[in-house]
Amino acid sequence: MKISSNSLSYRNGSFEGTDFTSEKGYAVRVLNNSIAIAYSDSEDWDTAKESIDRALRKSEANGKNNISLGNAMKDNWVVQEKKKIEDFSLEDKISILKDNDKEMESGGTAVRINGMGDKIIEQRYMNSIGSDISGKIYRVSYIYVMGFVNGGNFEQSIQQFGASSGFEYIDSLNLAKRIEDDAKGLKESADARQAKEGDYDIIVGPEISGITAHESCGHPTEYDRIIGREGAQAGESFLTGKKFPYRVGSDEVSIIDDPTYPLSYGFYRYDDEGTPSRKRYLYKNGMTNEFILNRESAYLLNTESNGGGRSSSWDMEPLARMSTTYIEPGDYSFEELIEGIKHGIYIKSFTEWNIDDIRFNEKYVGKDAFYIENGKITSRVKRPTIETNTIKFYSSVDAVGKDLEFTAGTCGKGDPEQGVEVWMGGPHIRLRKVHIK
């Protein structure tokens, strides 16, 4: 595997510099009396052999020694790009950051950070049953942070975007318009009244349905968390010990993880264990349906891997990971969702979230939020806070919109921690009688 990446940032009117990294190496997994992995970045055979021999000796110790082998695959695949990463100049990148910094400044924000990155991953996977797969992935990303201060009140926005694409994706974002609208919203939120505590019918936007799909569905259905393998690291799962299928919400709730979703930040055709990627229904009609599996966890369930084995680099083991996780859209327009609410709150986006390590008790604090009166959006409300748990949240859903939007993120897991690129998203969804603070 070879990984080349660039990043640069602009903060409060000043260019902060660039960072370029390039690394390459390979891993050899040995199955014997147990599983052992050798890592090396040396092109000298004697040095590499020494590492492999060390893994062979370790594999002679008794331990877990089975994985799902699957079928032999041969392929060569490449993510397409129009504005090629290799051709996009540093000057053009700095110009984008500078223009967006000015847009934030004109919006009156006191804290302004813009960052942009790109990555090229080249990899080849071979195994002893005959697989030989080569892949090349291009990824670009953008993140901005801005904060508005007014009379001692501080409101902030953090937005992250990313895709498996060339720089044409950055053009498609229309960042200037997004920043203009976001800055205006922060100003209005700073002056808004806080919500009166009580039970409300609410609508949450795609940003919130996306983070809930990732945190309270994607993570707890990673099978290594369910069996406790990540207990001292990323955490465990509230699904541990349950009888499956297990009800987690209303019939309206179906949540998918799909590495094949076009353009997605976590896109891949084969995972890092050479397994073909595919769409997976994690929750379906309110019930658990499928877990995220790598080859090791698939063997424990006496099944095949569903392509969830991902590693962040050549010297990291493949873990069961998400890719693009989202709530499946339904049939409702936004107008149809809102007309069914007499007195409620529309929470379009969040400024803060928290969840425990079994992904059950959770909290979301609204950023752009508004009262709903008799089916109409009225005044802005400041920081409405949902404190709930996974079962209550999904059981409160009675209608799902037909729109679908995604945000990007870098999901952390393992020790040493591995960050992998993901998308998370969903439509607007309506929930009944949710307690708001």
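Keep in mind that this is a model prediction, so the values were computed, not measured.

Colleague: Which parts of the structure should I look at to understand the overall build of the chain?
Modeller: The number of helices and strands found in the chain is nine helices and 26 strands. For 437 residues, the compact-globule estimate of 2.2 N^0.38 gives 22 Å, and the C-alpha radius of gyration of the chain, at 23 Å, lies within 12% of that figure. Taking the principal axes of the C-alpha coordinates as reference, the chain spans close to 70 × 55 × 35 Å. Excluding contacts between residues fewer than 6 apart, the proportion of contacts in the chain whose partners are at least 24 apart in sequence is 72%. Just so you have it, the chain exposes about 19500 Å², and 46% of that area is on carbon and sulfur atoms. Within the chain, the 70 negative side-chain charges are centred at a point lying 3 Å from the centre of the 56 positive side-chain charges.

Colleague: It is not clear to me how the sheet that holds strand S24 (residues 405–413) should be interpreted in this structure. Could you clarify?
Modeller: Picture the strands of a sheet paired through backbone hydrogen bonds; they go either parallel or antiparallel. If you trace the six strands from one edge of the open sheet to the other, you get S13-S12-S11-S16-S25-S24, paired in mixed fashion. Looking along the sheet, the strands with just one partner apiece sit at the ends: strand S13 (287–288) and S24. As paired elements, strand S12 (residues 280–284) and S13 share two bridges and run antiparallel to each other. Within S13, the position partnered with Tyr-283 by the bridge is Thr-288. Taken strand by strand, helix H5 (residues 206–218) contacts strand S11 (255–257), S12, strand S16 (324–327), S24 and strand S25 (418–426), and its axis lies near 130° from that of S25.

Colleague: Would you take a moment to explain the packing of helix H2 (residues 90–106) against helix H4 (residues 175–191) for this structure?
Modeller: Pairs of packed helices are described in terms of their axes, by the angle between the two and the distance that separates them. Where H2 contacts H4, the axes come no closer than 9 Å and their chain directions differ by 20°. Taken together, the axes of H2 and H4 lie roughly parallel to each other. Once H2 is placed against H4, the crossing between them reads as right-handed. Across from Asn-100, Glu-103 and Met-104 in H2, the residues of H4 making contact are Leu-175, Ala-176, Ile-179 and Glu-180. Split into classes, the residues belonging to the contact of H2 with H4 amount to four nonpolar, one polar and two charged.

Colleague: Even after reading the chapter, I still don't get the nonpolar core, so can you show me in this structure?
Modeller: Soluble globular proteins: nonpolar side chains tend toward being buried together. Judged by nonpolar contacts, the single largest core of 44 residues is most densely connected at Ile-202, Ile-345 and Ile-436. In contact with Ile-345, other than residues within four places in its own chain, are Ala-195, Tyr-200, Asp-201, Ile-202, Ile-203, Phe-370, Tyr-371, Ile-372, Val-381, Pro-384 and Ile-436. If you look at the next biggest cluster of nonpolar residues, it comprises 36 residues, including Met-104, Ile-121, Phe-161 and Leu-173.

Calculation criteria
Residues numbered from 1 in each chain as written. Predicted model: local features only at pLDDT ≥ 70, side-chain atom pairs only at ≥ 80, totals over all residues. Heavy atoms only, no water. Helix = DSSP H or I, 4+ residues; strand = E, 2+ residues; numbered from the N terminus. Rg over C-alpha atoms; globule rule 2.2 N^0.38 Å. Contact = heavy atoms within 4.5 Å. Areas by Shrake-Rupley, 256 points an atom, 1.4 Å probe, with all protein chains shown as cover. Lys, Arg positive; Asp, Glu negative; His and termini not counted. Charge placed at Lys NZ, Arg CZ, Asp CG, Glu CD. Pairing = 2+ DSSP bridges. Axes fitted to C-alpha atoms, helices over the stretch in contact; angles between N-to-C directions. Parallel < 35°, antiparallel > 145°, perpendicular 65-115°, else oblique. Left-handed = near helix turned anticlockwise from the far one by under 90°. Nonpolar A, V, L, I, M, F, W, Y, C, P; charged D, E, K, R; others polar. Core = buried A, V, L, I, M, F, W, Y, C linked by side-chain atoms within 4.5 Å. Buried < 20%, exposed > 50% of the residue type's maximum accessible area, 1.4 Å probe, protein only.

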